[in-house]
Amino acid sequence: MAKEEPPSVSKDLQKFQRNLSLLIKSFQNNSKVVAFTKSPMGQYLDRHPFLALSMLVFVAMSAVPVGFFLLLVVLSSLAALVGVLLLEGLVISVGGVTLLCVLCGLVFISLALSGTIIVCYVVVSSLINYWFSSRPPAKQNPSVDCQLAMKSAGLEGLYQE
C-alpha cells in the first residue's frame, strides 16, 4: 500500500511548478532568446536536444581550462615584455597542446554526462508518472505467484542436496 502524501507536500509541489513555469516563461519571452531560437542554429538545436545539452555541458566544463589558458597567455605575454620571447613561444605551444588535449577529453566527458543526464531524466520522469498516475494499480494473477513460489521452492531443494 502506498501512503498518501500530506496536503502540504502537494501544495508545495504545485507552488514549485508555478514558480518553475514562470521562470521558463521569462526565459522564453527574453528578446535575445527569441532571436536565437529563430536563427538557423537555434532551430537546429531545437530539433536536436541531445546535441544542445552536450554543447551546453561542454561549454560549461571548458570555461575553467580556457580561462586558465588565457591567464597563461597573458602572464607569458607579460614575461615576453621582460625579454623572454623564446620561453613565451614554448609555453604557449605547450599550453595550446595541453588545452587541446583537455578539450578533447572534455568532449567525451560532456557526451557521457549528457547521456547520463538524459537517462536519469527519463527514469525519474517515468517513475514520477508511475507513482502519481491516476489509474488504479493492476491486479496480480495469483496463479503466476503460485508458479513462481513452486519454482523457487524447487530451486531451494536443489541447493540443499
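Remember, it's a predicted structure, so these values are computed and weren't measured experimentally.

Criteria and thresholds
- Residues numbered from 1 in each chain as written.
- Predicted model: local features only at pLDDT ≥ 70, side-chain atom pairs only at ≥ 80, totals over all residues.
- Heavy atoms only, no water.
- Helix = DSSP H or I, 4+ residues; strand = E, 2+ residues; numbered from the N terminus.
- Contact = heavy atoms within 4.5 Å.
- Areas by Shrake-Rupley, 256 points an atom, 1.4 Å probe, with all protein chains shown as cover.
- Disulfide = S-S within 2.5 Å.
- 1 Å grid on protein atoms, 1.4 Å probe; cavity = no way out; pocket = protein on both sides within 12 Å on 5 of 7 lines; lining within 4 Å.
- Points joined across faces, edges and corners; volume = space filled by probe spheres on them.
- UniProt positions renumbered as here; feature names shortened; annotations may be inferred.
- Buried < 20%, exposed > 50% of the residue type's maximum accessible area, 1.4 Å probe, protein only.
- Axes fitted to C-alpha atoms, helices over the stretch in contact; angles between N-to-C directions.
- Parallel < 35°, antiparallel > 145°, perpendicular 65-115°, else oblique.
- Nonpolar A, V, L, I, M, F, W, Y, C, P; charged D, E, K, R; others polar.

Visitor: I'd like to hear about the overall build of the protein chain, residue by residue, with values.
Guide: Along the backbone of the protein chain there are 6 helices and 0 strands. Secondary structure elements of the protein chain occur, N-terminal to C-terminal, as α-α-α-α-α-α. Taking as baseline every contact in the protein chain between residues at least 6 positions apart, the subset at least 24 positions apart corresponds to 63%. Just so you have it, the protein chain exposes about 13,500 Å², and 72% of that area is on carbon and sulfur atoms.

Visitor: How would you explain the state of the cysteines if you had to name every residue and give the values?
Guide: All chains considered together, the criterion is met by 0 disulfides. Distance from the sulfur of Cys-104, which forms no disulfide, to the nearest cysteine sulfur (Cys-101) is 6.6 Å.

Visitor: Please provide a residue-by-residue account of the layout of surface pockets, values included.
Guide: If you add up the space inside the second largest pocket, you get close to 360 Å³. Considering the residues around the second largest pocket, the lining is formed by Phe-36, Thr-37, Gly-42, Leu-45, Asp-46, Pro-49, Ala-52, Leu-53 and Leu-56. Counting residues per element, the ones that place at least two in the lining of the second largest pocket are helix H2 (31-38), helix H3 (40-47) and helix H4 (49-82). If one sorts the elements of the lining of the second largest pocket by residue count, H4 sits on top with 4 residues.

Visitor: Account for the UniProt feature "transmembrane region" (unreviewed entry) in the protein chain, naming residues and giving values.
Guide: Per the UniProt entry, the sites bearing "transmembrane region" (unreviewed entry) are residues 50-75, 82-109 and 115-132 in this numbering. The span residues 50-75 is 100% helix and 0% strand, and its two end C-alpha atoms sit 38 Å from each other. Helix makes up 94% of residues 115-132 and strand 0%, whereas the separation of the span's terminal C-alpha atoms amounts to 26 Å.

Visitor: Describe the side chain of Ser-76, with residues and values.
Guide: With respect to the secondary-structure elements, Ser-76 resides in helix H4. Among the residues examined, Ser-76 registers a relative accessible area of 9% and is labelled buried. Each residue touching Ser-76, except ones within four places of it in the same chain, is listed here: Glu-88, Val-91 and Ile-92.

Visitor: How would you explain the packing of H3 against H4 if you had to name every residue and give the values?
Guide: Running from N to C, H3 and H4 cross one another at 110 degrees; their axes reach a closest spacing of 5 Å. Looking at the two axes, H3 sits roughly perpendicular to H4. The residues of H4 that touch H3, namely those facing Met-41, Tyr-44, Leu-45, Asp-46 and Arg-47, are Pro-49, Leu-51, Ala-52 and Met-55. Per-class residue counts for the contact of H3 with H4 are 7 nonpolar, no polar and 2 charged.

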